[in-house]
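Examining the three-dimensional arrangement
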Amino acid sequence: MHSRWPVHAGLRHLARRHVPIRHSHTTLSQPPQTHLITTPTGQTYEPIIGLEVHAQLLTSTKLFSPAPSLPSSSSPNIAVDPTDAAFPGTLPVLNAQAVTLAVKTALALESDIQLVSSFDRKHYFYPDLPPGYQITQFWNPIARGGSLAVGMADGLPYTRRVRFMQIQLEQDSGKSVLGVKDGQTLVDLNRAGVGVLELITEPDLRSSLETVTFLKKLQRLLWYTSISSPDMDEGAWRCDINVSVRPLGAPYGTRTEIKHLVKFTSIKAAIEYEIDRQVQLLELGQPVQQETRSFDPRLAQTVRLRGKEGVQDYRYMPEPDLPSIHLTPAFISNISQTLPEPLDTRRTRLAKQYKLSPYQIEILMSEPGAVEYFEKVAVGRRGGKVANWIIGDLFGSLRSRHLNLLSCTVQPTRLGALIDLVETGRVSGLRAKDILHTMMDGNTQSPLEIAQEQGWILASDVQALEKLCEELLEEFPEMAVKVRNGKTRVIKFFVGEVMKRTKGKSDPVLVAEVFAKLFKM
Amino acid sequence: MRVLRCQSLLVDKQYQATRPISRFLIGTRKDPTLLSISEAVSDLKARKTTPSALLKSCLERIAARNGHLNAFTHLASTDELIRKALLADARWAQGTPQGPLDGIPIAVKANICTKEHPTTCASNILKDFTSPIDATAVRLLMQHGVIILGKTNMDEFGMGSTNIHSAHGPAYNPLGPVPEGHLGGRSPGGSSGGSASAVAANMCFAALGSDTGGSVRTPAAYTGIVGFKPSYGRFSRRGLVAYASSLDTIGLLTKKVADAKILYDILAQYDEKDSTCLQINEEPTVLHGDLNGVRVGIPQEYFMTGLSSAVLQAWNAAAQHLASRGATVVPVSLPNTKHALPAYYVIAPAEASSNLARYDGIRYGHQSERCDSTLKHELYTATRTEGFGTEVKRRIMLGTFVLQANSYTSYFLQAQKLRRLVQSDFDNVFAKPNPLRSTDSGSHNSANGVDILLTPSAMGSAPLLADIANDTGETPVNEYADDALTIPASLAGLPALVIPYGQDTEGMPVGVQLLGQYGNDRAVLDIGKMLEACRTPN
């Protein structure tokens, strides 16, 4: 899987003595071995990867203040309560909606919800952290354990189950903006205090592919359960990745932490770079330093931020301004009833119930709200047809307008009505696309009204159409003879005549069918 | 209007010599500032006085004495005060006062947020800071018509028990001799020294203070007034600038227990903006004119070395008076009392180091100009070095140390355990169970338990500033040790009331302290009222 062996800018001395390293080529019959790396010296290494995922909670207000949780594109410092700016005398008040979302996540990940959890302060000085501490859950998180498996359906050739260590509620920091004014750091506190769910995994992942597959699935699950926003905005979602390598069978090696990764491409590149870097160090008999690194996407390299000696003492302290969270089993079971069906169950059901292809299912499940939209349209209609409409025409016209499905103004009922017009032959497929565009552009009429107004209704009276066709056979007997003698291509002539005489309002497919019937073909 | 700091005491002496105020007061029935709130309110109801008259006499007192006492660090604009008083006059005249306290002038400690005045916490780091919020306590008082006169002096961020640690300079005890120099006077106690001094000097009818380890009770004892610290969480902390969040309470400084009760009834409200605010309702105490059936505990561990004879005398006299009113006075033991002081001086600094991390000079308050502000750590260091006083720095350093990963277990965690021991001591002696702890009431002995504890409130009377200065030069230990009598109730979150009870040979007041079970604030105030009524007149 590591086809490339990069030369690292900081390791040029190694590159000179560079020995090509062959990655083991394993077959699918030995799935757990695919991640192993065997060097020419015969040593086999196993990468070990663990994650800390931070997902912003989709709550209307911040975790501890009444200020709204705004998207990162908002203008700076418009959603700041005195609490968020840590004015003296202000106190945090826990947002109940955030607790509900955390419990929902824990349930979706089969994590063990703690009936009593509490908040702690994590201290460090930074201009975008107004109080000088972050309120988090260090000692008693809201949930412990749980897992999420990725497998064939997710694009991994085998199954990997990733366990969670804990799930905790915490507040986000503000944003430091560099370079707007010369030599100054500007601070935007819109994000300060926004609720974040941190999910910490066990070191159960073994490769960049596994990690990206897992993260994609986790992200999908979080937006699917309406816990987190589906947009991959900077800040709405980010993760820290712990990477170490060890000789196969040995204890865990020294790990490095790559901070603050957002994009899947960066995550993949950072992990691969880091694995290679560490293997190469070990091959040269040098130790891996325990350190924090960041990923530079331009160089496609991880870069050292600080070493072990630079590790901050966060001086954790129980948060005295907030009492413990006490949850009742009844509260938890109420939330469990609001949980949608698990993703894997949904995938199987879509295939069975609607006979959708794996491709259709994958596309629908990748777009937030698409399955729900599809199922509304599919009531009383052919699933495969509906799925094609959504995946093809609808998504196409959304994409061309830079919209996503959740902001689509064409409701499922209207798309359904449009599909029906085509299916019953009242509107041609081509005109249907026009109608869809008209609706996307803000026309709120029904598809039928639009078609009527535009004169796009096909002559759908089959009897009238048959009559016209019969008349044409009499009008052009020599052409009819040609058809009967086997020149079937001549049917096109008749279809064309019908289209001409009905001013294009007939469905050519339907017309062709009528002629086929008349010619008893 | 900013009040001039006591530049020179000669000024004050000259002022006293001319004394325009005394000329003004000649001919009045009684100086209205000598009234308690309840007396003033009954005069208002009887139309014997008006809010304007009350305000005017307070302002005259302030003009005459504040320059010397340095009790107020900021006064509201006189025009604004008069405008408010006139409105209150009109309401009383129409018989529609906003509440029983409509037009009563009250002072607020400088660490309680008000939108109309600076909230300096007596710190240079908040020198010109005005809060965007009103503290819930302030809002409740204003809703009841109270006029906020201004902000009072204190030990910086509440850290101190003598009011010498103030960026505004020390506040003075109005009962002490007129000092010949700054160190000649006596301390009003701390940290709510300005509030106590203002009330004791009759510059206002009552004051809000704050009490983390005794900051309302010690000043009350030193200035001969009533000091009340409610149960932790009984008054909202919203708008009280945090020192040690798990201990901080807003407290009351009044002339009479009845006044504290009036303010208590206004301020004891659940506030959804303070998650630690108490939602437990109180059972009313039933006292039928005497204390029959009331059991009073005398904790033996409070007989500490260093108690002055005047304090012992007052304690003894108070016990005898309670007994004479029908109470059963019994000795009780609180064996972990000795652990309270060390536990407090770990927990409070730890929380302080955290709470004060926000003063970085970036969003509000003092920002150093001495350094390149683009280097954040230099900016932080310079700002905080310039902004904080010695005692605050000392506690931040101490707190930072005890929260470090390698000292957390041996200091902070141990202190929390000790705190729990101190708390259970109290639970073991009180007849009522503590509503915060799960009650296996089987183990609770209501027959042998006591309803209230009677203790001294300070080791002696108000110290001379000169003596404090000698003591605290290098080690603050003696100043800390004075808190031993007030800290246990803070650690346990109990309601505590200090009542003046006699005086020493130099005529300085001493007080006694009543402690009730958690949540039993009203019982403490009710019993305190009876004790106050039967104290020896002095």
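Naming follows an unreviewed UniProt entry, where chain B appears as Glutamyl-tRNA(Gln) amidotransferase subunit A, mitochondrial of Spizellomyces punctatus. Under the heading Subunit (unreviewed entry), UniProt records this for chain B: "Subunit of the heterotrimeric GatCAB amidotransferase (AdT) complex, composed of A, B and C subunits." As recorded by UniProt, the Function (unreviewed entry) comment attached to chain B reads in full: "Allows the formation of correctly charged Gln-tRNA(Gln) through the transamidation of misacylated Glu-tRNA(Gln) in the mitochondria. The reaction takes place in the presence of glutamine and ATP through an activated gamma-phospho-Glu-tRNA(Gln)."

In the annotation of an unreviewed UniProt entry, the entry for chain A reads Glutamyl-tRNA(Gln) amidotransferase subunit B, mitochondrial, and the organism field reads Spizellomyces punctatus. Under the heading Subcellular location (unreviewed entry), UniProt records this for chain A: "Mitochondrion". Looking at the Sequence similarities (unreviewed entry) heading of the UniProt record, one finds this comment for chain A: "Belongs to the GatB/GatE family. GatB subfamily."

Once that is clear, we can look at the overall build of chain B. A count of helices and strands for chain B gives 18 helices and eleven strands. A buried classification covers 61% of the 538 residues belonging to chain B. A separation of at least 24 residues holds for 77% of the contacts in chain B among residues at least 6 apart in sequence. Here chain B has roughly 19700 Å² of accessible surface; of this, 53% comes from carbon and sulfur atoms.

With that settled, consider the domain arrangement of chain A. Residue and element names in this part refer to chain A. By the assigned domains, chain A splits into domain 1 (5-325), domain 2 (340-454) and domain 3 (462-518). A C-alpha centroid distance of 36 Å is found between domain 1 and domain 2. Facing nine residues of domain 1, the contacting portion of domain 2 comprises 14 residues. For the pair domain 1 and domain 2, the two sides together bury roughly 990 Å², of which 60% comes from carbon and sulfur. On the domain 1 side of the interface with domain 2, the three residues burying the most area are Arg220, Trp223 and Tyr224, jointly 62% of the side's total. Between the two partners, domain 1 and domain 2, sit three salt bridges. Asp344 serves as the salt-bridge partner of Lys217, at 3.0 Å between the closest nitrogen and oxygen.

On the basis of which strands lie adjacent, the open sheet formed by three strands has the order 6-5-17 (chain A) and antiparallel pairing. At either end of the open sheet lies a strand with only one pairing partner, and these are strand 6 (133-136) and strand 17 (317-318) of chain A. Pairing of strand 5 (residues 120-123) of chain A with strand 6 of chain A involves four bridges; the strand directions are antiparallel. In the sheet register, Lys122 of chain A faces strand 6 of chain A, and the bridge partner there is Gln134 of chain A. Contacts from helix 11 (residues 337-355) of chain B reach strand 5, strand 6 and strand 17 of chain A, with the element oriented near 60° to strand 5 of chain A.

Residue and element names in this part refer to chain B. The positions UniProt marks with the feature "active site" (unreviewed entry) are Lys109, Ser191 and Ser215. Considering the C-alpha atoms alone, the annotated residues occupy 107 residues of sequence yet fold into one spot, their largest mutual distance being 11.1 Å. Tracing the backbone shows Lys109 in strand 2 (residues 105-109). A relative accessible area of 0% means that Lys109 is categorised as buried. Not counting the four nearest positions on each side in its chain, Lys109 is found in contact with Lys151, Thr152, Met154, Ser191, Ser192, Ser195, Leu208, Gly209, Ser210 and Ser215. At 2.7 Å, the side chain of Lys109 forms a polar contact with the side chain of Ser191.

Residues and elements named next belong to chain A. Put simply, helix 15 (residues 491-501) and helix 16 (residues 508-518) touch, their axes get as near as 10 Å, and they point 125° apart. Looking at the two axes, helix 15 sits oblique to helix 16. As helix 15 runs across helix 16, the sense of the crossing is right-handed. Contacts between helix 15 and helix 16 involve Ile491, Phe494, Val495, Val498 and Met499 from the former and Pro508, Val511, Ala512 and Phe515 from the latter. Each residue belonging to the contact of helix 15 with helix 16 can be placed in one class, and the counts come to nine nonpolar, no polar and no charged.

Another aspect to go through is the interface of chain B and chain A. Counting residues at the interface gives 41 residues for chain B and 32 residues for chain A. Its largest share of buried area at the contact with chain A, chain B owes to Ser275, Arg358 and Arg363 of chain B, together 20% of the area lost on that side. Joining chain B to chain A, the criterion identifies one salt bridge. A salt bridge links Arg237 of chain B to Asp321 of chain A, with the shortest nitrogen-to-oxygen separation between them at 2.9 Å. Our count for the chain B to chain A interface comes out at 15 residue pairs in polar contact (both at pLDDT 80 or more). Sorting the residues of the side of chain B that touches chain A by element identifies helix 11, helix 12 (376-387), helix 13 (390-403) and helix 14 (408-429) of chain B as the ones contributing at least two each.

The next point concerns the environment of Phe374 of chain A. All names here are of chain A. Mapping Phe374 onto the fold places it in helix 8 (residues 370-377). In this structure Phe374 comes out as buried when scored by relative accessible area, which is 0%. Linking Phe374 and Gly416, residues 42 residues apart in sequence, is a C-alpha distance of 9.7 Å. Once residues lying within four places of it in the same chain are set aside, the contact partners of Phe374 are Leu350, Tyr354, Leu356, Leu364, Gly383, Val386, Ala387 and Ile390.

This next bit is on the pattern of salt bridges. Residues and elements named next belong to chain B. Applying the stated rule across the entire model yields 53 salt bridges over all chains. The partner of Arg234 in a salt bridge is Asp521, and the shortest N-O contact between them spans 3.4 Å. One end of the pair, Arg234, is in the loop between strand 5 (226-229) and strand 6 (249-254); the other, Asp521, is in helix 18 (residues 521-533), with 287 residues separating them in the sequence. Overall, Asp521 belongs to the buried group, its relative accessible area being 0%. Between Glu391 and Arg394 there is a salt bridge, and its shortest N-O distance comes to 3.0 Å. With a gap of three residues between them, Glu391 and Arg394 both fall in helix 13, about one helical turn apart. Residue Arg394 is classed as partly exposed on the basis of its relative accessible area, which comes to 29%.

Quick notes on the rules
Residues numbered from 1 in each chain as written. Chains lettered and ligands numbered in written order. Predicted model: local features only at pLDDT ≥ 70, side-chain atom pairs only at ≥ 80, totals over all residues. Heavy atoms only, no water. UniProt positions renumbered as here; feature names shortened; annotations may be inferred. Helix = DSSP H or I, 4+ residues; strand = E, 2+ residues; numbered from the N terminus. Buried < 20%, exposed > 50% of the residue type's maximum accessible area, 1.4 Å probe, protein only. Contact = heavy atoms within 4.5 Å. Areas by Shrake-Rupley, 256 points an atom, 1.4 Å probe, with all protein chains shown as cover. Domains from an automatic or database assignment. Buried area = accessible area lost by both parts, 1.4 Å probe. Salt bridge = Lys/Arg side-chain N within 4 Å of Asp/Glu carboxyl O. Pairing = 2+ DSSP bridges. Axes fitted to C-alpha atoms, helices over the stretch in contact; angles between N-to-C directions. Polar contact = N/O pair within 3.5 Å; in protein donor to acceptor, adjacent residues only side chain to side chain. Parallel < 35°, antiparallel > 145°, perpendicular 65-115°, else oblique. Left-handed = near helix turned anticlockwise from the far one by under 90°. Nonpolar A, V, L, I, M, F, W, Y, C, P; charged D, E, K, R; others polar.

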